[in-house]
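Descriptive analysis of the structure
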Amino acid sequence: MNDRLPHQISDAAARLAEMQTLRGPAPGCTVRIRFRAVAPDEVAQLTAVAADHARHGAKR
Ligand SMILES: [Zn+2]
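The rules behind these values
- Residue indices begin from 1 for each chain and proceed along its sequence in written order.
- It should be noted that, the model being predicted, local features are given only for residues of pLDDT at least 70 and side-chain atom pairs only at 80 or more, the latter also being counted only at that level, while totals for whole chains, interfaces and linings use all residues.
- Each helix corresponds to a stretch of at least 4 residues labelled H or I by DSSP, and each strand to a stretch of at least 2 residues labelled E; elements are numbered beginning at the N terminus.
- Contact definition: two residues whose C-beta atoms, as placed from backbone geometry, lie within 7 Å.
- With C-beta atoms placed from the backbone, a residue counts as buried when 20 or more other C-beta atoms lie within 10 Å of its own, as exposed when 12 or fewer do, and as partly exposed for counts between those limits.
- A residue's pLDDT is the confidence the predictor assigns to it, expressed on a 0 to 100 scale.
- The length a helix should cover is 1.5 Å for every residue beyond the first.

**Focus on the overall build of the protein chain**
- When its secondary structure is counted, the protein chain shows 3 helices and 2 strands.
- N-terminal to C-terminal, the α/β element order of the protein chain is α-β-β-α-α.
- Counted over contacts in the protein chain with a minimum sequence separation of 6, partners at least 24 positions apart contribute 40%.

**Describing the environment of histidine 53**
- Note on placement: histidine 53 falls in helix H3 (residues 53-57).
- Taking the C-beta count within 10 Å as the criterion, histidine 53 has 16 such neighbours and is therefore assigned partly exposed.
- When near neighbours in sequence (up to four residues on either side) are disregarded, histidine 53 contacts Gly24, Pro25, Ala26 and Cys29.

**Considerations on the confidence of the model for the protein chain**
- Confidence along the protein chain averages 78 in pLDDT terms, with 72% of residues attaining 70 or more.
- When pLDDT is averaged over each helix and strand of the protein chain, the minimum, 66, is found for helix H1 (residues 7-16) and the maximum, 90, for helix H2 (residues 40-51).

**Overview of H2**
- The terminal C-alpha atoms of H2 lie 16 Å apart, and with 12 residues this matches the ideal 16 Å at 1.5 Å per residue to within 8%.
- Taking burial as the measure, the 12 residues of H2 include 0 buried ones, a minor fraction of the element.

**Focus on unusual backbone geometry**
- With phi around 55°, alanine 37 is a residue other than glycine that occupies positive phi space.
- Position of alanine 37 relative to the elements: it lies in the loop between strand S2 (32-35) and H2.

Below, the structure is given as structure tokens:
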């Protein structure tokens with residue numbers, strides 16, 4: 001699969017497609033992970049990252 005569109009285009013396409021948005025559960029967490037049409041195990045991985053603030057919030 002060759003799905004490497006420029007960010008703007010993929011963002012526009014995302015609004016048209018059914019999007020999944022994952023948000024961090026931590027208070028004040030602004031992390032949002034958006035995806036569409038990804039493999040189930042990839043969804044599980046993204047969900048795990050979104051759910052665990054330490055995994056996406058500890059870099060800075
Ligand atoms: Zn977070």
